[in-house]
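As a plain string of letters, each chain reads:
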Amino acid sequence: MPLPSVSDESSFDSTPSLVSPSVSPSLMPGAPLKLGILASGSGSNFEAVAEAIKNGQLNAHLQVLIYNNPQAKVVERAARWNVPAVLLNHRDFDSRKELDAQIVKILQQYSVDWVIMAGWMRIVTPVLIDAFPDKIINIHPSLLPSFRGAKAVEQALAAGVKITGCTVHLVCLEVDTGKILLQAAVPVLSNDTVATLHDRIQVQEHRILPQAIALASAT
Ligand code: GRF
């Protein structure tokens, strides 16, 4: 069988078999999950979760968005979805623990039971983790345990891997090490830049984040 030519590379993209485990849409009976979203940036993952709820793929309600960067575009998305948004600028706090204590307070005020880090660029402390044990979910743009920490897409390109992807996992104290819930693989194309590769990874992030929330809450 002939190998695909370089121009066929994009045909590798977005096939359902690249997601593992394969999760069938569940009915998720019972009361909607009460989600609190933590985000620092554009909020495309926030949007994906909101869409999945609207489409009935995720039985949940967005109780509150907490964001730490006054310029974050995610706040505009929250307004469009009528989700209350609270700015907690990390620069206003003396320590990570003090920021996390305020985050916990807000999440509790909004009766959140699952915390979703959708592009939250802060290192968390035991203050947050202990308040929501095994109830904090993060999305990371690599196939963990490869390329933990910042600039995961850059790290993958620099390493020359041919397949990377994204991971949804439970959050524990050590960055990007918690129990893996769901992963999607994304081929690296020969002409990829950080931007083009990250764009394709994000397509998969938007698919698996809502699925992983449903999966985590069902187990
Ligand atoms: C995503 O790539 C996520 O994996 C990483 O931060 C990015 C957030 O993107 N942790 P967005 O703000 O949801 O568009």
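Residues numbered from 1 in each chain as written. Predicted model: local features only at pLDDT ≥ 70, side-chain atom pairs only at ≥ 80, totals over all residues. Heavy atoms only, no water.

As for the overall build of the chain
Here is step 1 of the chain: A count of helices and strands for the chain gives six helices and eight strands.
Here is step 2 of the chain: The linear arrangement of helices and strands in the chain, starting from the amino end, is β-β-α-β-α-β-α-β-α-β-α-β-β-α.
Here is step 3 of the chain: Per-residue burial over the chain gives 45% buried out of 219 residues.
Here is step 4 of the chain: For the chain, the proportion of contacts with a sequence separation of at least 24, taken over those separated by at least 6, is 66%.
Here is step 5 of the chain: When the accessible surface of the chain is split by element, carbon and sulfur atoms take 56% of a total near 11,100 Å². (Helix = DSSP H or I, 4+ residues; strand = E, 2+ residues; numbered from the N terminus. Buried < 20%, exposed > 50% of the residue type's maximum accessible area, 1.4 Å probe, protein only. Contact = heavy atoms within 4.5 Å. Areas by Shrake-Rupley, 256 points an atom, 1.4 Å probe, with all protein chains shown as cover.)

Quick look at the site of the ligand
Here is step 1 of the chain: Around the ligand, the surrounding shell holds 13 residues, and the nearest of these are Gly-43, Ser-44, Asn-45, His-198 and Glu-205.
Here is step 2 of the chain: Residue Ser-42 places a side-chain N or O atom 3.0 Å away from an oxygen atom belonging to the ligand.
Here is step 3 of the chain: Within the backbone of Gly-43, an N or O atom sits 2.8 Å from an oxygen atom of the ligand.
Here is step 4 of the chain: Protein contacts shield 90% of the accessible area of the ligand, which totals 370 Å² for the unbound molecule.
Here is step 5 of the chain: Most atoms of the ligand, that is more than half of them, are within 2 Å of grid points of the largest pocket.
Here is step 6 of the chain: Taken together, the elements giving at least two residues each to the shell around the ligand come down to α1 (44-54), β6 (136-140) and α6 (194-218).
Here is step 7 of the chain: In terms of residue count, α6 provides more of the shell around the ligand than any other element does, three residues in total. (Near = heavy atom within 4 Å. Polar contact = N/O pair within 3.5 Å; in protein donor to acceptor, adjacent residues only side chain to side chain. 1 Å grid on protein atoms, 1.4 Å probe; cavity = no way out; pocket = protein on both sides within 12 Å on 5 of 7 lines; lining within 4 Å. Sits in = over half its atoms within 2 Å of the grid points.)

Brief notes about the pattern of salt bridges
Here is step 1 of the chain: Tallying each qualifying case throughout the model produces four salt bridges.
Here is step 2 of the chain: Note that Lys-73 and Glu-76 form a salt bridge whose closest N and O atoms lie 3.8 Å from each other.
Here is step 3 of the chain: Look at Glu-76 and you get partly exposed, because its relative accessible area is 41%.
Here is step 4 of the chain: Linking Arg-148 and Glu-174 is a salt bridge whose minimum nitrogen-to-oxygen distance equals 3.2 Å. Here Arg-148, found in the loop between β6 and α5 (152-159), pairs with Glu-174, found in the loop between β7 (163-170) and β8 (180-187); they are 26 residues apart in sequence, far enough to count as distant.
Here is step 5 of the chain: Judged by its relative accessible area of 35%, Arg-148 falls in the partly exposed class. (Salt bridge = Lys/Arg side-chain N within 4 Å of Asp/Glu carboxyl O.)

Description of the nonpolar core
Here is step 1 of the chain: Ranked by internal contacts, the top residues of the largest apolar core, which has 40 residues, are Leu-35, Leu-65, Ile-137 and Ile-213.
Here is step 2 of the chain: With eight residues, α6 is the largest single contributor of residues to this core.
Here is step 3 of the chain: Ignoring sequence-local partners within four residues, the contact set of Leu-65 consists of Ile-37, Ala-39, Phe-46, Val-74, Val-75, Ala-78, Val-83, Pro-84, Ala-85 and Val-86.
Here is step 4 of the chain: Ile-66, Ile-103, Leu-107 and Val-112 belong to the second-largest nonpolar core, a separate cluster that totals 20 residues. (Core = buried A, V, L, I, M, F, W, Y, C linked by side-chain atoms within 4.5 Å.)

A look at the pairing of strand β5 (residues 114-117)
Here is step 1 of the chain: Side chains Trp-114 and Ile-116 of β5 all project onto a buried face; the interleaved residues Val-115 and Met-117 project onto the opposite face, where all are buried too.
Here is step 2 of the chain: In the sheet, β5 pairs with β6 via three bridges, with the strands oriented parallel. When the bridges of β6 are listed, Ile-116 appears paired with Ile-137.
Here is step 3 of the chain: For the crossover that starts at β5, traverses helix α4 (residues 126-131) and ends in the parallel β6, the hand is right-handed. (Pairing = 2+ DSSP bridges. Right-handed = clockwise from strand over helix to strand, strands pointing away.)

Some thoughts on the pairing of β6
Here is step 1 of the chain: For β6, a buried count of five out of five residues is recorded, marking the element as mostly surrounded by other parts of the structure.
Here is step 2 of the chain: Both faces of β6 are covered, namely the face carrying Ile-136, Asn-138 and His-140 and the face carrying Ile-137 and Ile-139.
Here is step 3 of the chain: Here four bridges tie β6 to β7, and the two strands are oriented antiparallel to one another. Pairing of His-140 across the sheet is with Thr-167, part of β7.

Regarding the confidence of the model for the chain
Here is step 1 of the chain: Overall, the predicted model of the chain reaches an average pLDDT of 91, with 90% of residues at or above 70.
Here is step 2 of the chain: Scored below 50 in pLDDT, residues 1-14 makes 12 contacts in the model with residues more than four places away or belonging to other chains. (pLDDT = per-residue confidence, 0-100.)

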